[in-house]
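For reference, the chains in residue letters:
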Amino acid sequence: MTLQNTKSLKKQVAPFEKSTTKESIGQIINTVVPFITLWFLAYISLSVSYWLALVPIVIAAGFLVRIFIIFHDCTHNSFFKSRRANRAVGTVMGVLTMFPFDRWGNEHAIHHATSGNLDKRGTGDIWTLTVDEYKAAPLKLRLAYRFYRNPLVMFGLGPIYQFGLNNRFNRKGAKKKERMNTYLTNVLIVALGGLLCLAVGWQTFLLIHGSIFMIAGSAGIWLFYIQHTFEDSYFEEDPDWEYVKAAVEGSSFYKLPKVLQFITGNIGFHHVHHLSPRVPNYKLEEAHNTTPPLKNVPTITLATSLKSLRFRLWDEKSKNFVSFREVKALAKKRVSVKVKPEV
């Protein structure tokens, strides 16, 4: 990507930074209504067998991912023109997805402002070490990093920790408004869960919603992972880091089949989203298609995305991700650097 392209990209995408109330309301209806319907179908099917109920459960999990995308847009104030509307809808969607609106919004804003910056890792991102940092790290940290990066841990235990536990607490230094929003979200989650337990029984609730939660959570973490963890992504030290390059070279275009593109709320056009977070999800594809330079961004398909499962460390010399096995073939001498652990 040339310097001229990077300078003009934000201007080219700017016309799409306007939400349409009609489309936003329509998306809420075609997302939340199917989710509730599928949840009820799962409840009815469970009286026959869990395996029959698993069909609407899996589909409902997909719609829960789509609900998260609405929540995500609201935290960027891109779903509605009104900040108050974004906050109200975002808080409700946050209850359904178990994410407090203010905490996620603040952490995610930091993620956007620092994505791909090696000197500012640790907030709202996937824990990533460079090859030299890993080689210089003590055994305890290397084992912890290997555990964290294990797919079974990241996509299996990850949803339980991140959505179920971590989101229930305020981050250090959170202001009163953010803390109160977290408390409100927790109270509403407990109230909604309690009502459903009274209505269908706690065992049935756990079977249905627990399954939906785990499937949707794993899918959500996978999407976040693949959007920044691909072979020739973008990572630079702070003096050389550039926002536009980090957006279009360090965020993937995850080219999905139309049905999955719908379920994931176009988040596969992640390069457009990072370039301009104010573009609502329903305009991301149009922005991509009508902005020629964006056609040359890193493109990943369902098949090629599986390759990213082996990527563990960022090699600053070759400028790409490598596996733990490949580290042995790199420089043999240990490099003395300061390790930058997850915050």
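Above this note sits the structure.
Residues numbered from 1 in each chain as written. Predicted model: local features only at pLDDT ≥ 70, side-chain atom pairs only at ≥ 80, totals over all residues. Heavy atoms only, no water.

## What about the overall build of the protein chain?
The helix and strand inventory of the protein chain stands at 16 helices and five strands. Since a compact globule built from 343 residues should have a radius of gyration of about 20 Å, the 21 Å found for the protein chain is in line with a globular shape. Taken over the C-alpha atoms alone, the protein chain extends approximately 65 × 50 × 45 Å along its principal axes. The buried share among the 343 residues of the protein chain stands at 52%. The contacts in the protein chain between residues at least 6 apart in sequence include a share of 73% that link residues at least 24 apart. Here the protein chain displays about 17,000 Å² of accessible surface, and carbon together with sulfur accounts for 65% of that area. (Helix = DSSP H or I, 4+ residues; strand = E, 2+ residues; numbered from the N terminus. Rg over C-alpha atoms; globule rule 2.2 N^0.38 Å. Buried < 20%, exposed > 50% of the residue type's maximum accessible area, 1.4 Å probe, protein only. Contact = heavy atoms within 4.5 Å. Areas by Shrake-Rupley, 256 points an atom, 1.4 Å probe, with all protein chains shown as cover.)

## Some words on the environment of arginine 278
Its place among the elements puts arginine 278 in the loop between α13 (270-275) and α14 (284-289). Distance in space between the C-alpha atoms of arginine 278 and histidine 76 is 6.3 Å, their sequence separation being 202 residues. Residues in contact with arginine 278, not counting those within four places in the same chain, are Glu17, His76, Asn77 and Ser78. Within polar-contact distance, the side chain of arginine 278 engages the backbone oxygen of asparagine 77 at 3.1 Å. (Polar contact = N/O pair within 3.5 Å; in protein donor to acceptor, adjacent residues only side chain to side chain.)

## Quick look at empty space enclosed by the protein
Enumeration over the complete set of coordinates arrives at two cavities of 30 Å³ or more. For the largest cavity, the calculated volume is near 170 Å³. Contributing to the lining of the largest cavity are 16 residues, with Asp125, Ile126, Thr128, His228 and Phe235 lying nearest its centre. In this structure, the second largest cavity encloses a volume near 30 Å³. Along the walls of the second largest cavity sit Thr130, Val131, Asp132, Trp314, Asp315, Glu316 and Lys317, which together make up its complete lining. Elements represented by at least two residues in the lining of the second largest cavity include exactly α6 (131-136) and β4 (313-315). (1 Å grid on protein atoms, 1.4 Å probe; cavity = no way out; pocket = protein on both sides within 12 Å on 5 of 7 lines; lining within 4 Å. Points joined across faces, edges and corners; volume = space filled by probe spheres on them.)

## Quick word on the nonpolar core
Membership of the largest hydrophobic core comes to 58 residues, with the highest contact counts inside it found for Ile28, Phe35, Met93 and Ile212. Among the secondary structure elements, those contributing two or more residues to this core are α2 (21-46), α3 (50-75), α4 (83-97), α5 (101-114), α8 (151-165), α9 (176-200) and α10 (202-226). Sort the elements by how many residues they give to this core and α3 lands first, with 13 residues. Setting aside residues up to four positions removed in sequence, isoleucine 212 forms contacts with Phe35, Trp39, Ile57, Ala60, Ala61 and Leu64. With 15 residues, the next largest nonpolar core counts Val13, Val244, Ala247 and Phe269 among its residues. (Core = buried A, V, L, I, M, F, W, Y, C linked by side-chain atoms within 4.5 Å.)

## Side note on the pattern of salt bridges
Tallied over the full model, the rule gives ten salt bridges. As a salt-bridge pair, aspartate 238 and lysine 120 come within 3.7 Å of each other at their nearest N and O atoms. Note that aspartate 238 is positioned in the loop between α10 and α11 (243-249) and lysine 120 in the loop between α5 and β1 (129-130), a separation of 118 residues in sequence. For aspartate 238, a relative accessible area of 34% corresponds to the partly exposed category. Here lysine 258 ties to glutamate 285 by a salt bridge, and the two come within 2.8 Å at their closest N and O atoms. Separated by 27 residues along the polypeptide, lysine 258 in helix α12 (residues 258-263) and glutamate 285 in helix α14 bring together distant segments of the chain. (Salt bridge = Lys/Arg side-chain N within 4 Å of Asp/Glu carboxyl O.)

## Focus on unusual backbone geometry
A negative phi holds for most residues other than glycine; trans holds for most peptide bonds. Of note, the phi angle at asparagine 77 is positive, near 55 degrees, even though the residue is not glycine. Within the secondary structure layout, asparagine 77 lies in the loop between α3 and α4. Judged by its relative accessible area of 13%, asparagine 77 falls in the buried class.

## Some details on the sheet that holds β1
Reading across from one edge, β1-β4-β5 is the order of the three strands in this open sheet, with mixed pairing throughout. The open sheet terminates on both sides in strands that have one partner only, identified here as β1 and β5 (320-322). Examined bridge by bridge, β4 and β5 share three bridges and lie antiparallel to one another. Paired with leucine 313 across the strands is valine 322, a residue of β5. (Pairing = 2+ DSSP bridges.)

## Things to note about the packing of aromatic side chains
A ring pair, where both rings are aromatic, is described by two values, the distance of the centres and the angle of the planes. As enumerated under the stated definition, the model contains 29 aromatic pairs in all. Pairing tryptophan 39 with phenylalanine 205 gives two aromatic rings, centres 6.4 Å apart and planes at 35 degrees, and the pair type is tilted. Linking tryptophan 39 in helix α2 with phenylalanine 205 in helix α10, this pair joins segments that are 166 residues apart in sequence. A relative accessible area of 14% places phenylalanine 205 in the buried class. Their ring planes at 45 degrees and their centres at 6.4 Å tell us that phenylalanine 71 and tryptophan 104 sit as a pair that is tilted. Note that phenylalanine 71 is positioned in helix α3 and tryptophan 104 in helix α5, a separation of 33 residues in sequence. (Phe/Tyr/Trp six-rings, centres within 6.5 Å; stacked < 30°, edge-to-face > 60°.)

## Structural notes on α9
Here α9 spans 36 Å end to end across 25 residues, near enough to the 36 Å set by a 1.5 Å rise per residue. The set of residues buried in α9 consists of Glu178, Asn181, Thr182, Thr185, Asn186, Ile189, Gly193 and Val200. Taken together, the buried residues of α9 touch α2, α4, α5 and α10. In the segment just after α9, glycine 201 is the residue with positive phi, at about 95 degrees. (Expected span 1.5 Å × (residues − 1).)

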